[in-house]
Amino acid sequence: MEGLENYILGETDEMLHIETRDDCQQVSQAMANQAQRSLNIFSYDLEPMIYNTPGFYEAARSVIGADPSSLIRILVYDVNGIINKGHRMLDLCSRLSSRVQIRKLSKKYHHAFMIADNIGIVDRRQHERFEGTANFNAHGPAQNLLVFFNGVWEQSSRIPEIYSLKI
């Protein structure tokens, strides 16, 4: 996606249309690069092509380093996939378990999304496809997704295997 450097988290209110895997990866990383307080990720399998890249990993590390109260929460359905394939986010989770948390979804959802600093969203209605939308300043939609995320978070379960991994 061209021109992402012109989009400012919490300021630029423009709907972006995501059409390809590369678009999805680039906009997710660009938004995560600007986040300073939180990332909330709702995913089937913590899509490696989006969230297991060196750039996204560094962005996530920066979020955690930006503020002592920052938090990354991840809800995922396919836990075995991320454990067996050695996802980079597991490294952060095992080293900073109080600030990077991964939980298992109790049921399968088709939706996938990321919320950055409770205001920016990358939203894909079908997790198996990369098409979707993004907005760096979507206060209302971000709050609606966050309410949904928090409700599902409370119903999800911790994954003891993740916290005992030696990475």
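Residues numbered from 1 in each chain as written. Predicted model: local features only at pLDDT ≥ 70, side-chain atom pairs only at ≥ 80, totals over all residues. Heavy atoms only, no water.

Student: Could you clarify how one ought to interpret the environment of M49 in this entry?
Tutor: With respect to the secondary-structure elements, M49 resides in helix α2 (residues 48-51). The exposure class assigned to M49 is partly exposed, which follows from its relative accessible area of 44%. Note: C-alpha distance between M49 and A142 (93 residues apart in sequence) is 23 Å. (Helix = DSSP H or I, 4+ residues; strand = E, 2+ residues; numbered from the N terminus. Buried < 20%, exposed > 50% of the residue type's maximum accessible area, 1.4 Å probe, protein only.)

Student: Help me understand the confidence of the model for the protein chain in this model?
Tutor: Low pLDDT means the predicted coordinates in that region are not meant to be read closely. Per-residue pLDDT for the protein chain has a mean of 91; in total, 96% of the residues score no lower than 70. Averaged pLDDT values over the elements of the protein chain bottom out at 67 in helix α7 (residues 160-163) and peak at 98 in strand β5 (residues 112-116). (pLDDT = per-residue confidence, 0-100.)

Student: Just checking my understanding: could you explain the side chain of T53 for this structure?
Tutor: On the secondary structure map, T53 appears in the loop between α2 and α3 (54-66). What makes T53 buried here is its relative accessible area of 15%. In this structure the side chain of T53 is engaged in a polar contact, spanning 3.4 Å, whose partner is the side chain of Q25. Beyond its immediate stretch of four places on either side in the chain, T53 contacts Q25, Q29, P48 and R88. (Polar contact = N/O pair within 3.5 Å; in protein donor to acceptor, adjacent residues only side chain to side chain. Contact = heavy atoms within 4.5 Å.)

Student: Which parts of the structure should I look at to understand the sheet that holds strand β2 (residues 38-43)?
Tutor: By way of backbone hydrogen bonds, the strands of a sheet pair with one another, either parallel or antiparallel. Spatial strand order, β1-β7-β6-β5-β2-β3-β4-β8: eight strands in an open sheet with mixed pairing. Of all the strands in the sheet, the pair left with one neighbour each is β1 (16-18) and β8 (157-158). The sheet contact formed by β5 and strand β6 (residues 120-124) spans five bridges and is antiparallel. Directly across from F113, in β6, lies its bridge partner D123. Each of β2, β3 (71-76), β4 (100-104) and β5 is contacted by α3, which is oriented at about 135° to β2, the strand it contacts most. (Pairing = 2+ DSSP bridges. Axes fitted to C-alpha atoms, helices over the stretch in contact; angles between N-to-C directions.)

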